[in-house]
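Analysis of the macromolecular model
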Amino acid sequence: MMGDTRQLQIKDVYSHNLLCCDYTTRLYDALSLMRERRVSSIFIEQDGKIVGIWTESDCVSLDFEHSGLAQTAIGNIMNAPVHDILINQTLSEATIKFHQLGIRHLLVKDAHNQPQGVVSLSDIVRNQGLDHYLHFRPIEDHFESQISTLDAEACISEAIHAMRRDRTTAVLVYNQALAEYGIITQRDVAYVILNQDWRMPCWELASYPMESMTPKDSLFDAYRLMTARSIRHLVIREPGSDAVMGLLALKNVLTEIETAYCSELEKVLAQRDLALQKSEKNLYLANRIIDASLDGIMITRANGEIIQINPAFSALTGYQDYEVLGKNPSILSSGVHGQDYYERMWKELRHKGVWQGEICNKRKNGEVYVEWLTIIEINEPYSDDVLYAAIFSDITERKNAEEKIARLAYFDELTGLPNRRLFYDRLSMALASAQRDKHKLSVMFIDLDRFKEVNDTLGHSAGDKLLSQVSERIKAILKPGDTLARLGGDEFVVLLTEVEQMDDVVSFADQVLSELSVPFALGELNVAATASLGAAIYPEDGLDSESLLKHADVAMYRSKELGRNSFQLYKASMNARSLERLSMLSRFQSALEGGEFELHYQPLRCLTSGRIMSVECLLRWQDPNLGTISPAQFIPLAEELGLIVKVDQWVINEACRQMAQWLKEGLDIRRIAINISASHLSQGDLVMTMAKALEQHNLDGRYVELELTETSFVSNLHDAKVLLKKLKNLGVSIALDDFGTGYSALSYLTKLPIDILKIDASFIAKIPDEYGNSEIVTAIVAMAKALNLHVVAEGVEKSVQQKFLQKLGCHTMQGYHYCRPLPQSDWLNFYRSQRGLEAAPLQRLAGGR
Ligand SMILES: Nc1nc2c(ncn2[C@@H]2O[C@@H]3COP(=O)(O)O[C@H]4[C@@H](O)[C@H](n5cnc6c(=O)[nH]c(N)nc65)O[C@@H]4COP(=O)(O)O[C@H]3[C@H]2O)c(=O)[nH]1
């Protein structure tokens, strides 16, 4: 019942009628003033300050025998100190004060501590809306039955005496002559002090006739009657007999209301304490959660003032609480969003009470970051105030990852070029418009020649640099609307949309080849790169993406076959060759496991003694359908497919097995020479493979010679040296194959533990006729001898060549002139046939041809 009025403030109920008098004022004058202003209390001032209070009820306790009572200074008899209450405090607070101090009046002060009026317990009770409560309370439990009744002729001092004795607020007076009851109250007593006539008969002061009620009537009716008649007492009579039973004072009704009110208030306060405890606990929990949250949290007032942040806020923004509390969130603004962005945000927030979205903010260090922000409007309980809680997490990394994923879906990470998917999209769009507008377009494949060698020998980061530089150079010559994409590895593809005639494609291809002909700077090395290009034109070579790409690819492979560093336009006849190549690739893999490989042997002959010095094993692929396939065809394929290590391992093992077998059979051959692919050194463990094979076949390492090319050493001379030393520790000899075709760096010869130098067949083919070439061979032989290397001439086909080499003092020859590579059985026959001739002078042998 108190819920509605509990929050009423003193200003809503107090009385402005504040009556004051000075400390020295006589009681007589003070009472006169009270009577005149019709108030029941007066405040006493001293030096401009209120220091005490005097009320009508205080009169009863005065000593009426005292002759100068009316002249007494009110300061001497006042009640002090005066308790006060502020004008904007609640009625509940006032009630608690009344209760605790046992008083009935409080001085009301304003915010500046200035007295404004007075509030009594009655004022508060009257405003509590307790009427219905009084309905259920009968008078019988509340009236005073022990009330004194005086005779009408009794003097007034007796009445005062009775009131004081009985601690009542009134006495009854009976006038026998009139058979009437009258009443004298404390207020009446106060006025006797003014008259000073203590002998006055009671009936003269008594008020009559009196209103009366029965004990069964309700307090509510009694209260209503007293308020309506402005009286403070009712006579209670026995129903039927009309005999007076006692007196009901307004004070009795108010006391009852007060009791109810206070006990109700206590209940409410207890509930409030509980609620407070609960809310304190909730607050504690909320604060713990806010502090522990990994999301940044900021709480602001409606005007934007920041009132709370959590540790995650500081971690994410770099601002500590003392730097932001009291400030506006605009401190975090990055300037990325315009005013309209914030306006939309506030509009939604006001409309829905919540806003969520991505927002760019700025950390204290100036770094802009993206956050996922949720703002919630919070209405404060028991007030109109609104707070805003902003909860955010830094999603910069997630955004970057998302962007990267989106980029990766359409772009190549290394070069930043469109990838296969984007290229297909663009090609299909370009085809649609070419079809509509009836114009041509072209798709061109660009594949770097020997890119794998760069990767294998110079390392992947050099390979990556080369790819980036190639893409930059091609991009630079593209026309607007054309697309360059990287399909993977060293494979690029160009979409040319501005094609009017075939020449446009040819001239673009020329441009690409000329751009790539300038060496690329890869760190300290300048590397020359070439590419094989192939193109197909719409509509001649295909009407859809798939056939155009396939035909451009076929044309590109034709370029490769024709010696690389060239360009081919698609021709229908190319298809057959490309299919052949493809099927060879797949067949190769099964051939390795299916035993289709075998070794052929080519002897190397000493140019002085005519003896077979060693034999080189050369790999052959015997395809059941295609017959013998040359290693010149399938070794590069094996390298491309990453199968070369397996191939070499097979050859090493087979060569060792064969050599061990021959030695057992008594063949007198010093060494078997095995070719090792340059890529083997970067991909496999050559030393381990070699050691295992020697051990497995119980073969001494001195019977093996490994032929390596310069490409094997180019990437890292130091590593190559370590590797060759390990091989030499196994007893094997090292031959530098194809000398003269590669880098021909003399440094290899001096720094690496090489035993044999094999002059490439291309030099031998041109001796002794071609001027300059003979000089080169002469120089190589002289240099090798000076370095104490054994010199072998490869590809000796003519006796004139043999003679020339003999004159130079070259140690050994290899070539068709002496013997072609032979299968195992033919080779054994050849060997045996040669044994008998070994003693014959070489000149004769050579001359016999
Ligand atoms: N025109 C001409 N050619 C002659 C003459 N004498 C020998 N040849 C050929 O020259 C090549 C010599 O081998 P290579 O320079 O190491 O060059 C080899 C070698 O680099 C590679 N190769 C061969 N067998 C293997 C192998 O088992 N493993 C590895 N990794 N590579 C091998 O394939 C290349 C080609 O091998 P082949 O076709 O067997 O070709 C062989 C051989 O048949 C001649 O007088 N005139």
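Thresholds applied
- Residues numbered from 1 in each chain as written.
- Predicted model: local features only at pLDDT ≥ 70, side-chain atom pairs only at ≥ 80, totals over all residues.
- Helix = DSSP H or I, 4+ residues; strand = E, 2+ residues; numbered from the N terminus.
- Buried ≥ 20, exposed ≤ 12 C-beta atoms within 10 Å, placed from the backbone.
- Contact = placed C-beta atoms within 7 Å.
- Arc of directions from axis to C-beta.
- Near = placed C-beta within 6 Å.
- Nonpolar A, V, L, I, M, F, W, Y, C, P; charged D, E, K, R; others polar.
- pLDDT = per-residue confidence, 0-100.
- Pairing = 2+ DSSP bridges.
- Axes fitted to C-alpha atoms, helices over the stretch in contact; angles between N-to-C directions.
- Parallel < 35°, antiparallel > 145°, perpendicular 65-115°, else oblique.
- Left-handed = near helix turned anticlockwise from the far one by under 90°.
- Core = buried A, V, L, I, M, F, W, Y, C linked by C-beta atoms within 7 Å.

Helix and strand counts for the protein chain stand at 31 helices and 34 strands. Looking at the protein chain as a whole, 33% of its 849 residues qualify as buried. Sequence separation of at least 24 residues holds for 61% of the intrachain contacts in the protein chain that already meet a minimum separation of 6.

Right, let's get into helix H9 (residues 219-229). Those residues of H9 not exposed but buried are Leu-219, Ala-222 and Tyr-223. Buried residues of H9 fall within an arc of 100° about the axis and therefore sit on the same side. Exposed residues pointing more than 90 degrees away from the buried face of H9 are listed as Ala-228 and Arg-229. Phi turns positive one or two residues past the end of H9, at Ser-230, with a value near 50°.

Residues in contact with the ligand amount to 24 residues; listed here are only the nearest, Leu-619, Pro-631, Asn-675, Gly-815 and Tyr-816. Broken down by secondary-structure element, the contributors of at least two residues to the shell around the ligand are strand S26 (612-623), helix H21 (631-641), helix H22 (644-665) and strand S30 (733-739). The class makeup of the residues in the shell around the ligand is 11 nonpolar, seven polar and six charged.

Next up on the list: the confidence of the model for the protein chain. Per-residue pLDDT for the protein chain averages 86, and the proportion of residues at 70 or more is 92%. A low-confidence stretch, residues 839-849 stays under pLDDT 50, and its non-local contacts, those more than four residues away or across chains, total 12 contacts.

The subject of this paragraph is the sheet that holds strand S19 (residues 483-488). The strand order across the open sheet formed by five strands is S19-S20-S18-S23-S24, and the pairing between neighbours is mixed. Each edge of the open sheet carries a strand with a single partner, namely S19 and strand S24 (567-569). Averaged over all adjacent pairs, the angle separating strand axes in this sheet is 20°, with direction ignored. As paired elements, S19 and strand S20 (residues 491-499) share five bridges and run antiparallel to each other. Opposite Ala-485, over in S20, you have Val-493 as the bridge partner. Strands in contact with helix H17 (residues 460-476) are strand S18 (440-448), S19 and S20; relative to S19, the strand with the most contacts, it is inclined by about 155°.

A sheet is described by the order of its strands in space; here three strands give the open sequence S10-S11-S12, paired in mixed fashion. Each edge of the sheet is formed by a strand with only one pairing partner; in this case those strands are strand S10 (212-213) and strand S12 (244-249). Relative to the sheet, H9 contacts S10, strand S11 (233-237) and S12, its axis offset from that of S11 by approximately 135°.

Attention shifts here to the packing of helix H1 (residues 27-37) against helix H7 (residues 186-195). Running from N to C, H1 and H7 cross one another at 130°; their axes reach a closest spacing of 9 Å. In terms of axis orientation, H1 runs oblique to H7. When you trace H1 past H7, the crossing you get is left-handed. Seen from H1, the contacting residues are Leu-27, Tyr-28, Leu-31, Ser-32 and Arg-35; seen from H7, they are Ala-190, Tyr-191, Ile-193 and Leu-194. Within the contact of H1 with H7, the residues separate by chemical class into seven nonpolar, one polar and one charged.

This part is about the nonpolar core. Membership of the largest hydrophobic core comes to 71 residues, with the highest contact counts inside it found for Cys-617, Ala-655, Ile-672, Ile-674, Leu-757 and Ile-759. Considering every element that reaches this core, the biggest residue donor is H22, with nine residues. Beyond its immediate sequence surroundings of up to four residues, Ile-672 is in contact with Ser-614, Val-615, Cys-617, Ala-655, Met-659, Tyr-703, Val-704 and Glu-705. Judged by nonpolar contacts, the second largest core, of 48 residues, contains Ile-53, Ala-162, Leu-172 and Ile-184.

The contact between helix H16 (residues 451-458) and H17 brings their axes to 6 Å, and the two run at 140°. As judged from the angle between their axes, H16 and H17 are oblique. Residues Phe-451, Val-454, Asn-455 and Leu-458 of H16 lie in contact with H17, whose contacting residues are His-460, Ala-462, Gly-463 and Leu-466. Along the lines of polarity and charge, the residues of the contact of H16 with H17 split into five nonpolar, three polar and no charged.

Across seven bridges, the pairing between S18 and S20 is antiparallel. The residue of S20 that forms the bridge with Phe-445 is Val-493.

This part covers unusual backbone geometry. Cis geometry marks the peptide bond from Tyr-538 to Pro-539, where omega comes out at 5°. Here Pro-539 is to be found in the loop between strand S23 (531-538) and helix H19 (545-561). Residue Pro-768 follows Ile-767 across a cis peptide bond; omega there is 0°.

What follows deals with the environment of Thr-317. Tracing the chain through its elements places Thr-317 in helix H11 (residues 311-317). We classify Thr-317 as buried; it has 25 C-beta atoms within 10 Å. For the pair Thr-317 and Asp-394, spaced 77 residues apart in the sequence, the C-alpha separation amounts to 9.3 Å. Beyond its immediate stretch of four places on either side in the chain, Thr-317 contacts Gly-296, Leu-332, Arg-363 and Lys-364.

Now for the environment of Ser-547. With respect to the helices, strands and loops of the structure, Ser-547 is situated in helix H19. Residue Ser-547 is classed as partly exposed on the basis of its 15 C-beta neighbours within 10 Å. Note: C-alpha distance between Ser-547 and Ala-536 (11 residues apart in sequence) is 8.9 Å.

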